[in-house]
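Okay, here's what each chain looks like letter by letter:
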Amino acid sequence: MSRRTMPYHRRYHGDALQGYRKLTLEQRGAYTTILDLIYDEGGPIDRNERWLAGELNCSLRKAKVLLDELIQLRKIYVTVGGKLSNHRAESEMENSLKISRKRAENGSKRKDNSSDKPKSSNKFNDPVKQLLNNCAVIPVPEPYKNNNSSSEYEDRRARREQVLAVADDPPPIAASHRLISSLDGRTGSGAAAAQAARRARSGGRSW
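Calculation notes
- Residues numbered from 1 in each chain as written.
- Predicted model: local features only at pLDDT ≥ 70, side-chain atom pairs only at ≥ 80, totals over all residues.
- Heavy atoms only, no water.
- Helix = DSSP H or I, 4+ residues; strand = E, 2+ residues; numbered from the N terminus.
- Buried < 20%, exposed > 50% of the residue type's maximum accessible area, 1.4 Å probe, protein only.
- Contact = heavy atoms within 4.5 Å.
- Areas by Shrake-Rupley, 256 points an atom, 1.4 Å probe, with all protein chains shown as cover.
- Core = buried A, V, L, I, M, F, W, Y, C linked by side-chain atoms within 4.5 Å.
- Expected span 1.5 Å × (residues − 1).
- Arc of directions from axis to C-beta.
- Polar contact = N/O pair within 3.5 Å; in protein donor to acceptor, adjacent residues only side chain to side chain.
- Phe/Tyr/Trp six-rings, centres within 6.5 Å; stacked < 30°, edge-to-face > 60°.
- Pairing = 2+ DSSP bridges.

Visitor: Is there a simple way to think about the overall build of the protein in this case?
Guide: On a plain count of helices and strands, the protein comes out with nine helices and three strands. The order of helices and strands in the protein, counted from the N terminus, is α-α-β-α-α-β-β-α-α-α-α-α. Residues classed as buried in the protein amount to 17% of the 207 residues present. Residue pairs in contact within the protein that sit at least 24 positions apart in sequence constitute 59% of those at least 6 positions apart. Surface accessibility of the protein: about 16600 Å² in total, with carbon and sulfur atoms responsible for 54%.

Encoded structure:
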């Protein structure tokens, strides 16, 4: 008989205690059980007094008395179709259905949008992945190799010694000797002047 459309419902304890104040213990038990049957059915329940007596675990006569009392106290009412219902229960079930539909719509929207997220995430993650891959390749250092053979080392050493030897040799001809030599090779007034200078230095002796 149950459709199990509402496996649970919100219960406001303050409202429930306020509504129970004028009810006897038997009426409270019957009222609570009938509300659970309405929520479990997802709507009004049949006014089947024999079936209700079984749910209330009481006699058929007692079930009829309790139903009449709850109807008179306006805790439950009889619908146009002859079923039993409760106004607060109907309002709570309608709100629960709205919440369920809203959650289903939000879930479908998230599912549709989830197909776009991997593309955008890959767009931003590709450069990062590429950088990490490049950083992960660490070049292996090659051992040091001395490409200078012994013959090349000897050749460089010999050339260095030659350069040092040339630098240490004195100049072949001093600047004054070069000047005298150039004057000795001249003729005319320049040569005569040079000879006169030599005689003056030697005391008038001729060579």
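Visitor: Help me out: how do you make sense of the nonpolar core in this one?
Guide: Most often, soluble globular proteins have nonpolar side chains that are buried together. Core analysis: the biggest nonpolar cluster contains 23 residues, and Tyr31, Ile34, Ile45 and Leu70 have the highest contact counts within it. Among the secondary structure elements, those contributing two or more residues to this core are helix H1 (13-20), helix H2 (25-41), helix H3 (49-56), helix H4 (60-72) and helix H5 (87-114). The element best represented in this core is H2, accounting for seven residues. Sequence-distant contacts of Leu70, defined by excluding residues within four places in its chain, comprise Leu23, Gln27, Ala30, Tyr31, Ile34, Lys75 and Ile76.

Visitor: Help me out: how do you make sense of H4 in this one?
Guide: In an α-helix, one turn spans 3.6 residues; hence positions three or four apart end up facing the same way. An ideal rise of 1.5 Å per residue puts 18 Å on 13 residues; H4 measures up with 19 Å between its terminal C-alpha atoms. Within the sequence span of H4, burial applies to Ala63, Leu66, Leu67 and Leu70. Taken around the axis of H4, the buried residues stretch over an arc of 100 degrees, which confines them to a single face. What points out from H4, more than 90 degrees from its buried face, is the exposed set Arg61 and Gln72.

Visitor: Explanation requested: the side chain of Ser85 in the structure shown.
Guide: When you line up the elements, Ser85 lands in strand E3 (residues 83-85). Within the structure, Ser85 has its side chain in polar contact with the side chain of Glu90 (distance 2.5 Å). Look past the residues within four positions of Ser85 in its chain and what remains in contact with it is Ile38, Pro44, Ile76, Tyr77, Thr79 and Glu90.

Visitor: I keep staring at the packing of aromatic side chains and nothing clicks. Help me out?
Guide: Here the distance between the centres and the angle between the planes together describe a pair of aromatic rings. In this structure the tally under the stated criterion is one aromatic pair. Note on Tyr20 and Tyr31: the rings are 6.1 Å apart at their centroids and 85 degrees apart in plane angle, and the pair reads as edge-to-face. Residue Tyr20 is located in helix H1, and its partner Tyr31 is located in helix H2; the two are separated by eleven residues in the primary sequence. A residue is classified by how much of its surface remains accessible, and Tyr20, at 9% relative accessible area, is buried. Judged by its relative accessible area of 10%, Tyr31 falls in the buried class.

Visitor: Help me understand the environment of Arg50 in this model?
Guide: Tracing the backbone shows Arg50 in helix H3. Overall, Arg50 belongs to the exposed group, its relative accessible area being 61%. Separated by 13 residues in the primary sequence, Arg50 and Ala63 have C-alpha atoms spaced 7.9 Å apart.

Visitor: What's the story with the sheet that holds E3 in this structure? I'm lost.
Guide: One open sheet accounts for three strands, arranged E1-E3-E2; its pairing is antiparallel. Of all the strands in the sheet, just strand E1 (45-46) and strand E2 (77-78) have a single pairing partner and so form its edges. Pairing between E1 and E3: two bridges, direction antiparallel. Within E3, the position partnered with Ile45 by the bridge is Leu84.

Visitor: Help me understand H3, please; the structure alone is not making it clear to me.
Guide: All of the buried residues along H3 are Leu52, Ala53 and Leu56. All buried residues of H3 fall inside an arc of 105 degrees around its axis, so they share one side. In H3, the exposed positions angled more than 90 degrees off the buried face are occupied by Arg50 and Gly54. Where H3 is buried, its residues contact H2, E1, H4 and E3. Just beyond H3, the residue with positive phi is Asn57, at close to 55 degrees.

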